[in-house]
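Commentary on secondary and tertiary structure
Each chain, letter by letter, is given below.
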Amino acid sequence: TLSDILPVFHNFNLTAISSSATTVHPRGGKLFIDSFLLSPEGKAKEIIDTEPQLLLEALKAVFDGTVSNDSLNRLTLTSGLSWKQVDIIRAYSRYCRQLKVSVSATRTRALLLMHPILCNRLVSLFEARFDPNIKGRKKAVSKALSLIDQSMKTLRTHDEDTLFGIMRNLILSTTRTNAFRTDK
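Calculation rules
Counting restarts for each chain: residues are numbered from 1 in the order of the written sequence. Residues qualify for local features only when their pLDDT is at least 70, as the model is predicted, and side-chain atom pairs are given and counted only at 80 or more; totals for whole chains, interfaces and linings, by contrast, use all residues. For side-chain calculations, the full set of non-hydrogen atoms in the structure is used, while hydrogens and water are omitted. A run of H or I in DSSP becomes a helix once it reaches four residues, and a run of E becomes a strand once it reaches two; helices and strands are each numbered from the N terminus. Residues scored as charged are limited to Lys and Arg (positive) and Asp and Glu (negative), so that His and the chain ends carry no count. By convention, the charge on Lys lies at NZ, on Arg at CZ, on Asp at CG and on Glu at CD. Put simply, buried Ala, Val, Leu, Ile, Met, Phe, Trp, Tyr and Cys residues joined by side-chain atoms within 4.5 Å make one nonpolar core. Exposed residues in this analysis have more than 50% of their type's maximum accessible area, buried residues have under 20%, and partly exposed residues fall in between, with area computed by a 1.4 Å probe over protein chains only. In this analysis, two residues are considered to be in contact whenever any of their non-hydrogen atoms come within 4.5 Å of each other. Our arc is simply the arc of the directions from the helix axis toward the C-beta atoms. When a carboxyl oxygen of Asp or Glu lies within 4 Å of a side-chain nitrogen of Lys or Arg, that pair is called a salt bridge. Note on definitions: angles span 0 to 180 degrees between N-to-C directions of axes, and those axes are lines fitted to C-alpha atoms, for helices only across the stretch in contact. Note on terminology: angles under 35 degrees are roughly parallel, angles over 145 are roughly antiparallel, angles of 65 to 115 are roughly perpendicular, and the others are oblique. Note on residue classes: Ala, Val, Leu, Ile, Met, Phe, Trp, Tyr, Cys and Pro are nonpolar, Asp, Glu, Lys and Arg are charged, and everything else, Gly too, is polar. Rotating anticlockwise by less than a right angle from the far helix to the near helix defines a left-handed crossing, while the corresponding clockwise rotation defines a right-handed one. For two strands to count as paired, DSSP must find a minimum of two bridges between them.

**Quick look at the overall build of the protein chain**
The secondary structure content of the protein chain amounts to nine helices and two strands. Counting from the amino terminus, helix and strand elements in the protein chain follow one another as α-β-β-α-α-α-α-α-α-α-α. Overall, the protein chain is about 60 × 40 × 30 Å in size when its C-alpha atoms are taken along their principal axes. If the 26 positive side-chain charges of the protein chain are averaged to one point and the 17 negative ones to another, these points end up 6 Å apart.

**Re the nonpolar core**
The tendency in soluble globular proteins is for nonpolar side chains to be buried as a group. Formed by 31 residues in total, the largest nonpolar core has its most connected members in I89, L112, L163, F164 and M167. Contributions of two or more residues to this core are made by α5 (83-98), α6 (105-114), α7 (116-130), α8 (137-152) and α9 (158-173). In this structure, M167 is in contact with I89, Y92, S93, C96, L112 and L122, ignoring residues within four places of it in sequence. I5, V8, A44 and A61 belong to the second-largest nonpolar core, a separate cluster that totals 16 residues.

**Remarks on unusual backbone geometry**
Here the phi dihedral of N13 falls at roughly 65°; this positive angle occurs in a residue that is not glycine. Tracing the backbone shows N13 in the loop between α1 (2-11) and β1 (14-24). Non-glycine residue K100 carries a positive phi angle of around 60°. One can find K100 in the loop between α5 and α6.

**Observations concerning α6**
Since the α-helix turns once every 3.6 residues, residues separated by three or four places project in the same direction. Within the sequence span of α6, burial applies to T108, L111 and L112. Each buried residue of α6 sits inside an arc of 100° when the element is viewed along its axis, so together they form one side. In this structure, the buried side of α6 is in contact with α4 (75-79), α5, α7 and α9.

**Some words on the pattern of salt bridges**
What the rule picks out here adds up to eight salt bridges. Ionic pairing is found between D159 and R107, a salt bridge with its closest N-O pair at 3.2 Å. Placement of the pair is D159 in helix α9 and R107 in helix α6, with a sequence separation of 52 residues. On the basis of relative accessibility, which here comes to 25%, the residue D159 falls in the partly exposed class.

**Re the side chain of S71**
Position of S71 relative to the elements: it lies in the loop between α3 (52-64) and α4. Those residues within four positions of S71 in sequence are excluded, and the remaining contacts are N11, R109 and L113.

**Re the packing of α8 against α9**
At a minimum axis distance of 11 Å, the contact between α8 and α9 shows a crossing angle of 170°. Put simply, α8 runs roughly antiparallel to α9. Between α8, through L145, I148, D149 and M152, and α9, the contact on the second element is made entirely by D161, F164, G165, R168 and L172. Broken down by class, the residue content of the contact of α8 with α9 amounts to five nonpolar, one polar and three charged.

**Description of the packing of α7 against α8**
In contact at an axis separation of 8 Å, α7 and α8 are set at 160° when each is read in the N-to-C sense. Relative to α8, the element α7 lies roughly antiparallel. Two packed elements cross with a definite hand, and for α7 against α8 that hand is left-handed. Contacts between α7 and α8 involve L118, R121, L122, S124, L125, E127, A128, R129 and F130 on the former and, on the latter, R137, A140, V141, A144, L145, L147, I148, Q150, S151 and M152.

**Considerations on the pairing of strand β2 (residues 31-40)**
Across ten bridges, the pairing between β1 and β2 is antiparallel. Note that in β2 the partner of T15 across the bridge is S39. Counting the residues in the hairpin turn of β1 and β2 gives six residues, including R27, whose phi is positive at 40°.

As far as function goes, none of this settles anything; it's purely spatial.
Printed below as a string of C-alpha cells:
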C-alpha cells in the first residue's frame, strides 16, 4: 500500500512527486503496477545517476524484509554504501546502544547521517580487516585508520568524538564476522 511505500522512500531521503497505477492482466489475473516520480536530495542524484543499482538493491532489501527500514538507509545515497555496508554501520550503532554509550539512539542516527564520509571510512576499516578478498590487509587497515583519524580531527562535539571513537575501536576489537559468508 501507499502507506507502506512512502516511509521507505522517506528513509532514503527521496520525495515522491507523483505516482500512477497501471493495471496488468497476466493470464487471467489482475495486477497493479505503481510507478513513482521521485526527487532525490543533495548528493543522492549523483549516486543514483552513477550507481543506480545501489538504490535498487537497497529498496529490494527493505521490501524483502532483509534490512531495517530506518533513516540510516539514507547513507546509501549520501555515502555510496551498499545496503549491506549500511547494515554494518547499523549493527555497530546498535551495539553501542547495548553497551549503553552515552549518546542516545536518536543522536547516534543523526550523527551518522551528518558524517557519511566517516561512515564510509568505518566500513572501509571493517572490510580491510575482514574481507577475505583483500590483498595487503595490513596496508589497507593502516590506510583506513589514517583516513578515519583524519576525519575525526574535524569533529566538533563531544558526542561525535565519543560515538565515532567507540565505533572505530569496536571495529578494531571485533575478532570475527559472518558478514562475508556466501552460504547464507
